[in-house]
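# Commentary on secondary and tertiary structure
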Amino acid sequence: MNIEYITCSGIGPHNDISEIINLGKNYENAEFAVQVSREKFFPYNDRYNFFRTLVATCTVNDVNLAMHVNLEYRTDLCRGIVPEFFQDLWSIKRQKGTQNADKPVIGRVQININGGNDKFDFYPDKVANIIRAYLGIKFIFQYAPAQYERIRQLAKQNVPFALLYDVSGGEGKLSCDSWGGIILPGHQTGYAGGLSPDNVVENLNYINTLLPANYDTWIDAEGKLKSPDDNGKKLFDTTLAEKYIKNACAWQMKYGYQK
C-alpha cells in the first residue's frame, strides 16, 4: 500500500507557523489539520487567525492542509449549510509556480459525523451539493457501523468522498480491532484511532494486511501528538509530529508500494 497522507491533527495558535511549513516541506505526504468547532474556531479568534495566516502562507508552497469539522459546524454541513467564513477559506488557492497551482490550499475537509452527539440531521442530497460545489477539495467522513446508513445514502448521490475508520469518534482510543478493509468500493479508506510515533509502524504493518498492495490510504493521529504545556494543557507538539511522520515515511520506503 501507499501512504498518501500522514495526517497530524490538532495544530493551533501555540504552534510556530514556520515549524509547520518546514515539516510540510521536508515530508511531502505530511498533512496538518486544524480542529474546527463553533466554540473554538470563529472569525478573528486565536485559532482562526493562526490557521488563516497558515493558509495564506501556504498559497506559495505545497504544504498539505486540512480542516476537521466538528459539532455544530458538522451539523450545519450535514444540513447543506456552509458557513460564510468556510466559503472564504475554501476559496483560497495556491499561486502560480507551486506544484498545485490554482488548487485550494485546504485540500481536504473531514466532517466528523461520528464524534460527539450523533443526533443530528443528515441530508445526503444537500451534502452532495456541497461536494459538487467544491470539487477541488476532498471530503472525508468518519466511519463507524453506527454511521453506515448515512454513508450508504450519500454514496447513492454519486459524488466522490473518502471514509476514515474512527470508531472512537476522534477520542484517540486505539481501535485497530475495529479496522477492516475497504469500506466502500470507489471511496478511499483511511485509518485513525490511537496512532502514535511509537506504534505507527506496528499499525501500518497491520493495515497493510487489510488492503491491496497498490492501494492509496492515509493515517491520522492527534491525541498522541500532544504534550503538556507549563499549565498541564496538552497541545500539538511538532517534535512528536515529526517522529510520527518520520517513522511512517521510513515504513513507506521499506515496505510500501512505490509509485
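This report concerns the structure included in the present document. (Residues numbered from 1 in each chain as written. Predicted model: local features only at pLDDT ≥ 70, side-chain atom pairs only at ≥ 80, totals over all residues. Heavy atoms only, no water.)

Overall, the coordinates contain 18 aromatic pairs when judged by the stated rule. Here the aromatic rings of Trp90 and Phe139 are separated by 5.7 Å at their centres, their planes lie at 80 degrees, and the arrangement is edge-to-face. One end of the pair, Trp90, is in helix H4 (residues 84-90); the other, Phe139, is in strand S5 (residues 138-143), and 49 residues separate them in sequence. When sorted by exposure, Trp90 lands in the same class as Phe139, which is buried. Judged by centre distance (6.4 Å) and plane angle (25 degrees), the rings of Trp179 and Tyr206 are stacked. One end of the pair, Trp179, is in the loop between strand S6 (162-165) and strand S7 (189-192); the other, Tyr206, is in helix H7 (residues 200-208), and 27 residues separate them in sequence. Using a relative accessible area of 33% as the deciding quantity, one classes Tyr206 as partly exposed. Aromatic rings pair up to connect Phe41, Tyr44, Tyr48, Phe51, Tyr73, Phe85, Phe86, Trp90, Tyr134 and Phe139 into one cluster. The cationic tip of Arg108 hangs over the ring face of Trp218; the distance from NZ or CZ to the ring centre is 4.6 Å. A cation over a ring is seen here: Lys126 above Tyr123, with NZ or CZ 4.8 Å from the ring centre. (Phe/Tyr/Trp six-rings, centres within 6.5 Å; stacked < 30°, edge-to-face > 60°. Helix = DSSP H or I, 4+ residues; strand = E, 2+ residues; numbered from the N terminus. Buried < 20%, exposed > 50% of the residue type's maximum accessible area, 1.4 Å probe, protein only. Lys NZ or Arg CZ within 6 Å of the ring centre and 35° of its normal.)

Packing of H7 against helix H8 (residues 238-255) leaves a shortest axis separation of 9 Å and a crossing angle of 40 degrees. With respect to each other, H7 and H8 are oriented oblique. Seen along the crossing, H7 lies across H8 with a hand that is right-handed. Taking contact as the criterion, the partners of Val200, Val201, Leu204, Asn205 and Asn208 in H7 are, on H8, Tyr244, Asn247, Ala248, Trp251 and Tyr255. Tallied by class, residues from the contact of H7 with H8 come to seven nonpolar, three polar and no charged. (Axes fitted to C-alpha atoms, helices over the stretch in contact; angles between N-to-C directions. Parallel < 35°, antiparallel > 145°, perpendicular 65-115°, else oblique. Left-handed = near helix turned anticlockwise from the far one by under 90°. Contact = heavy atoms within 4.5 Å. Nonpolar A, V, L, I, M, F, W, Y, C, P; charged D, E, K, R; others polar.)

Where helix H1 (residues 17-26) meets H8, the closest approach of the two axes is 11 Å, and the angle between their N-to-C directions is 5 degrees. Comparing their axes, H8 and H1 come out roughly parallel. Across the interface between the two elements, Glu19, Ile20 and Leu23 from H1 touch Thr238, Ala241 and Glu242 from H8. Tallied by class, the residues present in the contact of H1 with H8 amount to three nonpolar, one polar and two charged.

Counted under the stated rule, the structure contains eight salt bridges. Arg79 serves as the salt-bridge partner of Asp121, at 3.7 Å between the closest nitrogen and oxygen. Here Asp121, found in the loop between strand S4 (106-111) and helix H5 (124-133), pairs with Arg79, found in the loop between helix H3 (71-78) and H4; they are 42 residues apart in sequence, far enough to count as distant. Take Asp121: its relative accessible area is 35%, and that puts it in the partly exposed class. Between Asp198 and Lys243 there is a salt bridge, and its shortest N-O distance comes to 3.0 Å. (Salt bridge = Lys/Arg side-chain N within 4 Å of Asp/Glu carboxyl O.)

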